[in-house]
Amino acid sequence: MVTYIGTQEMQAHLRKVKPETAIARMAEMIKEDYLRWASFDKSARVANHSDVGVIELMPISDGKNYSFKYVNGHPKNTQAGLLTVTAFGVLADVDTGYPRLLSELTLTTALRTAATSALAARYMARPDSRTMALIGNGAQSEFQAIAFHAMLGINEIRVFDVDPAATQKLIHNLRMYPALRVVRAASVAEAVKGADIITTVTADKTNATILTPEMIEPGMHINGVGGDCPGKTELHADILNNAFVVVEYEPQSRIEGELQQMPADFQVTELWTILEGKAQGRASADQVTVFDSVGFALEDFSAMRYLEKYVMQKTSPMLDLIPEMMNPKDLFGMGMGVVADSNAAPVPMTEQARYVTPETPTAPKVPIHA
């Protein structure tokens, strides 16, 4: 039997502990795993693209535990009343290959993405940062706002989206955080002017230019979340050329992130080196920093560990995903509902012979002539 955590269990958990607590805890577990970087068998995610979206598998293992996430990205889904991003995942034991947890990861991915953003910003943004521009006010936006409010002390969010209804939804949902001032901006330029941090989390699958060089001021930290698949970017290339750029896993980011528009020798720093103290997240107060976040499987691994530690209960639903068998060699018998009798007498040879296909008579040998 495999433990199952569904959306109802996650909703109950978030009502109990609050999103900011879940995000902060998850950020610490993500940091713990990034500090074990060398322990993981890492690879870029496997993606299948179509004209309307992408479906991806994100696997990783630390030699003891294995996890993978199934996730999609279909921006036009909202027109049909469907989510742009959905996900589920598995956590399994490496020694047996048996899965022990199957979980929703749609809500959880939003939490872990926000947790990773705020974790990186702790090392990359100026310590006195208090204002953030949030460009793109869809399904991920509240989580990003809450993470930066709770973990970095951001007390003002300037919000903008091309869809005014999305912005209104965000403002409504953030009313439960009265210490967080939310300001509606009329444009991207208005939102980012004077901000300490800029978070871009747009959904359109295009090479967009949401931020341009003239919008960027000295000392800004840019949290680029929306550029997360081939052919989808949000930042002008010159912003990267004039900034210190950090990525999660370079081989994947060069395919999917803002980095895809840069030459192969463009220098970047991986996040784990900053968390481990091998590299600085910020060299000066005036330096522009960019976290080119595309989402990496290690973060989902951490999120699954979080679910197992904080969400899973003795009363959690169980799924008969893996058959329980008296005889592990008798899968057919289990499938047919018939239990083989291991004490039964062997079939006599004369009876066995009835089920043996007779050999084909040997043909006479024919000489081979050169």
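To be clear, the structure that these remarks concern was listed above.
Because the structure is predicted, anything quoted here is derived from the model rather than measured. (Residues numbered from 1 in each chain as written. Predicted model: local features only at pLDDT ≥ 70, side-chain atom pairs only at ≥ 80, totals over all residues. Heavy atoms only, no water.)

1. A look at the sheet that holds strand S17 (residues 318-319)
Either a parallel or an antiparallel arrangement is found when strands of a sheet pair, and the pairing is made through backbone hydrogen bonds. Strand order in the open sheet formed by seven strands is S2-S3-S4-S5-S6-S1-S17, and the pairing between neighbours is mixed. Since the sheet does not close on itself, it has two edges, and those belong to strand S2 (46-49) and S17, each with one partner. Where strand S3 (residues 54-61) meets strand S4 (residues 65-73), eight bridges bridge the pair, whose relative direction is antiparallel. Within S4, the position partnered with Ser61 by the bridge is Tyr66. Contacts from helix H10 (residues 297-311) reach strand S1 (2-5), S3, S4, strand S5 (87-93) and strand S6 (99-104), with the element oriented near 100 degrees to S6. (Pairing = 2+ DSSP bridges. Helix = DSSP H or I, 4+ residues; strand = E, 2+ residues; numbered from the N terminus. Contact = heavy atoms within 4.5 Å. Axes fitted to C-alpha atoms, helices over the stretch in contact; angles between N-to-C directions.)

2. Comments concerning the sheet that holds strand S16 (residues 289-292)
With respect to topology, eight strands assemble into an open sheet ordered S9-S8-S7-S10-S12-S16-S14-S15, the strand pairing being parallel. Because the sheet does not close on itself, it has two edges, and the strands there are strand S9 (181-184) and strand S15 (269-270). Summarising the sheet, strand S14 (residues 244-247) and S15 pair through two bridges and their orientation is parallel. Bridging from a neighbouring strand, Val247 pairs with Glu270 of S15.

3. Some remarks on the packing of aromatic side chains
Overall, the coordinates contain eight aromatic pairs when judged by the stated rule. Centre to centre, the rings of Trp37 and Phe296 are 5.9 Å apart; their planes meet at 45 degrees, and the pair counts as tilted. With Trp37 in the loop between helix H2 (19-34) and S2 and Phe296 in the loop between S16 and H10, the pair connects residues that are 259 residues apart, well separated along the chain. The class for Phe296 is buried, based on a relative accessible area of 0%. An angle of 90 degrees between the planes, with centres 5.0 Å apart, marks the rings of Phe40 and Phe301 as edge-to-face. Taken together, the residues Phe40 in the loop between H2 and S2 and Phe301 in helix H10 connect sequence positions 261 residues apart. Side by side, Phe40 and Phe301 carry an identical accessibility label, which is buried. A network of ring pairs unites the aromatic residues Tyr34, Trp37, Tyr249, Trp272 and Phe296 as a single cluster. (Phe/Tyr/Trp six-rings, centres within 6.5 Å; stacked < 30°, edge-to-face > 60°. Buried < 20%, exposed > 50% of the residue type's maximum accessible area, 1.4 Å probe, protein only.)

4. Some points on the packing of helix H3 (residues 106-124) against helix H4 (residues 141-152)
Where H3 meets H4, the closest approach of the two axes is 9 Å, and the angle between their N-to-C directions is 40 degrees. Looking at the two axes, H3 sits oblique to H4. Read as a crossing pair, H3 and H4 show a hand that is right-handed. For the pair H3 and H4, contact is made by Leu107, Ala110, Leu111, Thr113, Ala114, Ala115, Ser117, Ala118, Leu119, Ala121 and Arg122 and by Phe143, Gln144, Ala147, Phe148, Met151 and Leu152, respectively. Taken together, the residues of the contact of H3 with H4 break down into 13 nonpolar, three polar and one charged. (Parallel < 35°, antiparallel > 145°, perpendicular 65-115°, else oblique. Left-handed = near helix turned anticlockwise from the far one by under 90°. Nonpolar A, V, L, I, M, F, W, Y, C, P; charged D, E, K, R; others polar.)

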